[in-house]
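A look at the structure
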Amino acid sequence: MKFAVYGRISRDRVGAGLGVERQIADCRELVRALSGEVAAVFRDDDISAYSGKHRPGYEALLEAIKNREVDAVAVWHQDRLLRRTIDLENYIEVCQPLNVATHTVKAGQLDLTTPAGRAVAKTLAAWASYEVETSTDRVKAAKLQAAKAGKSSGGNRAYGWLQNGMEQHPDEAPVVREIIKRFISGDSWNSIALDLNERNIPTAKGKMWTAINVSNVAQLPRHYGFRSHNGQEYKAAWEPLLSQDTREDLLLAIKRGQAIHGKRTYARKHLLTGFIFCGVCGNKMSIINAQQRDGSYSPAFNCRKKDHRGQEVGCGKVKRKKDPVEDLVIDCIMYRLDTPELGELLAGGEAETPELKQLMRDHESQSQRLQEILSLYSTGEMDFNEYKVAKTTAQDRLEALGRELERKTSKRTVANIPAGQTVREAWEKSDLMWKRQLVDALIEKVLIYPKQPGDGKARYKQWIFNPDRVEIRWKA
Ligand SMILES: [Zn+2]
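Residues numbered from 1 in each chain as written. Predicted model: local features only at pLDDT ≥ 70, side-chain atom pairs only at ≥ 80, totals over all residues.

**A look at the overall build of the protein chain**
Test applied: Comment: elements are numbered from the N terminus, with helices defined as DSSP H or I runs of at least four residues and strands as E runs of at least two. C-beta atoms are first placed from the backbone for all residues, and any pair lying within 7 Å is then listed as a contact.
Per the secondary structure count, the protein chain includes 15 helices and 15 strands. Pairs at least 24 apart in sequence give 64% of the contacts found in the protein chain among residues at least 6 apart.

**Details of the environment of Gln371**
You can see Gln371 is positioned in helix H12 (residues 354-378). Along the chain, Gln371 and Ala394 lie 23 residues apart, while their C-alpha atoms are 9.8 Å from each other.

**Here's the deal with the packing of helix H6 (residues 172-184) against helix H8 (residues 211-218)**
Going by this rule: Only the stretch in contact is used when fitting a helix axis, every axis being a line fitted to C-alpha atoms; angles between N-to-C directions are given from 0 to 180 degrees. Here the word oblique covers every angle except those under 35 degrees (roughly parallel), over 145 (roughly antiparallel) and from 65 to 115 (roughly perpendicular). Under the scheme applied here, ten amino acids are nonpolar (Ala, Val, Leu, Ile, Met, Phe, Trp, Tyr, Cys and Pro), four are charged (Asp, Glu, Lys and Arg), and all others, including Gly, are polar.
Contact pair H6 / H8: the axes reach a minimum separation of 10 Å and the direction vectors enclose 100°. In this view, H6 runs roughly perpendicular relative to H8, as classed from their interaxial angle. Judged by residue contacts, Val176, Ile179, Ile180 and Phe183 of H6 engage Val214, Val217 and Ala218 from H8. The residue makeup of the contact of H6 with H8, split by class, is seven nonpolar, no polar and no charged.

**Topic: the sheet that holds strand E15 (residues 470-474)**
Which entries qualify depends on this criterion: Here the rule is simple: two strands pair whenever DSSP picks up at least two bridges between them.
Here three strands make up an open sheet; going across it, the order is E8-E12-E15 and the pairing mixed. Bordering the open sheet on either side are strand E8 (276-278) and E15, each of which pairs with just one other strand. Averaged over all pairs of adjacent strands, the angle between strand axes in this sheet comes to 30°, irrespective of strand direction. Where E8 and strand E12 (residues 443-448) come together, three bridges link them in parallel fashion. Across the sheet, Phe277 pairs through a bridge with Leu447, a residue of E12.

**Section: the pairing of strand E4 (residues 101-104)**
The pairing of strand E3 (residues 72-75) with E4 spans four bridges and is parallel. By the bridge assignment for E4, Ala72 is matched with Ala101. In terms of strand pairing, E4 meets strand E5 (residues 108-110) through three bridges, oriented antiparallel. Residue pairing for E5: Thr102 is matched across the bridge by Leu110. Where E4 folds back on E5, the antiparallel hairpin that results is connected by three residues.

**Here we look at helix H2 (residues 56-66)**
Helical geometry: 3.6 residues make up each α-helical turn, so side chains three or four residues apart lie on a common side. Note the following rule: Around each residue's C-beta, the other C-beta atoms within 10 Å are counted; 20 or more make the residue buried, 12 or fewer make it exposed, and counts in between make it partly exposed. All C-beta atoms are placed from the backbone. Each C-beta atom gives one direction from the helix axis, and the arc is the one those directions make.
Of the residues making up H2, those classed as buried are Tyr58, Leu61 and Ile65. Along the axis of H2, the buried residues cluster in a sector spanning 55°; they form a single face. Looking at H2, the residues exposed on the side facing more than 90 degrees away from the buried face are Pro56, Glu59 and Glu63.

**Notes on unusual backbone geometry**
The phi torsion at Asn200 lies on the positive side, around 55°, for a residue other than glycine. One can find Asn200 in the loop between helix H7 (189-198) and H8. At Lys461, a residue that is not glycine, the phi angle is positive and equals roughly 50°. By the C-beta count within 10 Å, which is 11 here, Lys461 ends up exposed.

**Brief notes about the confidence of the model for the protein chain**
Rule in force here: Values of pLDDT, the confidence the predictor places in each residue, fall between 0 and 100.
Of all residues in the protein chain, 81% attain a pLDDT of 70 or more, and the chain-wide mean is 79. Counting contacts from residues 12-17, a segment whose pLDDT is below 50, to residues more than four positions away or on other chains yields ten contacts.

**Some remarks on the sheet that holds strand E10 (residues 297-302)**
Spatially, the three strands line up as an open sheet ordered E9-E10-E11, and their pairing is antiparallel. Here the strands that pair on one side only, and so sit at the sheet edges, are strand E9 (286-291) and strand E11 (319-321). Across this sheet, the average inter-strand angle for adjacent strands is 45°, counted without regard to direction. The pairing of E9 with E10 spans six bridges and is classified as antiparallel. Its bridge partner lying in E10, Ser286 is registered against Asn302.

**Regarding the packing of H7 against H8**
Their axes nearest at 8 Å, the elements H7 and H8 cross at an angle of 100°. Relative to H8, the element H7 is oriented roughly perpendicular. When H7 is examined against H8, the residues Trp189, Asn190, Ile192 and Ala193 are found in contact with a partner set consisting of Ala211, Asn213, Val214 and Ser215. Partitioned by chemical class, the residues of the contact of H7 with H8 number five nonpolar, three polar and no charged.

**Here we look at the nonpolar core**
Worth spelling out the cut-off: Buried Ala, Val, Leu, Ile, Met, Phe, Trp, Tyr and Cys residues form a nonpolar core when they are connected through C-beta atoms within 7 Å.
Membership of the largest hydrophobic core comes to 30 residues, with the highest contact counts inside it found for Phe3, Ala4, Val5, Tyr6, Cys27, Val73 and Ala74. Beyond its immediate sequence surroundings of up to four residues, Val5 is in contact with Ile24, Cys27, Arg28, Val31, Val38, Val41 and Ala74. If you look at the next biggest cluster of nonpolar residues, it comprises 21 residues, including Leu272, Phe275, Phe277 and Cys278.

Laid out in structure tokens, this is it:
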């Protein structure tokens, strides 16, 4: 008798932990005991016979039977061969006309030639199907139950949390808080990703951050005390990392960003972003949150060596605290504004059109509106939902006005100092947009040079800072 031996490994109960090689060795033993010879060996690795996935080894076995290359089949258990009743029907159809017998290590001969034998085989297959189906149901039910109980779903570790899913990660949880706080206050996902990479803070998988990663981490329901299951959210059993209000604010900020720039966020919150360049390589410097000696973070201009794709963009040799640079530039502007040349430059701008005046008035009143909304909410005259709607509407309007103003006035000076105000007073009273326009009117670029020996002793106002390492290139 020429035997075909078939082995299959999968994660199911019968034969669990039994490797294909072991199954095949047992089958060879069986064939020897039956005084047969092994003519062919077929195997499938880790493919469940139930899932209906294509099983190349099994297909080849059927071919070998049809071609009369074998007279009998040896398997470890019927489960290995057939789990679905439909498989069995098919198998019987192939084997019966050729009188091919099937022997199993565990249960003896599977007699498919008599009605009684086939009934046994069918019953076995039916039970196997039943077991798989109920175990799938059991798994589903158990998962839903775990979700309702708010238990962690297991799987990959979420950033900010320990593997058990219940406790916060001591180093990562503060990063999660930082990410969300910064996005709400106007940073873009991209700038946060760049900054985390700059600070050598890796993702949960030890990789570099991308804008998408950062956005995904910020929006994980688990931070806010929820766990999701099949698109539903359930109250989690763990302590939330952040409040529900923070989540609302985040959603609002995301919505705002999407309304303005597709998926990107409108983030221009620093006076000198875009004006500062590296004195060594000429790279435009970006703003990062640099860690101070006391462990806190404060913004700094930084020449990035590589962008987030790893492409070289700069020398990476220059970094300077933002605040003293900004103060220095403002002081210089105030000083320069007193000179006749600058007065002429400013006066040389086109006169404001009525339309522009109206825009600026609208912008101003919209800013006030936003302040009002905030005070109404803080005094309890507005509930959170009303506040959300009002705030979004006002912010959207304000930002739309801001963009329109910036577009209309981009190449022109708007630094008209109102009568009776000094430049300094006008500066203090104006918003960031006005200030940036003034900077744009006056300054071509600001270059920052590397520190030199002795700079540690240099003082500028409250900072350890040497103004000589900053060069302002004026437009006039
Ligand atoms: Zn550089």
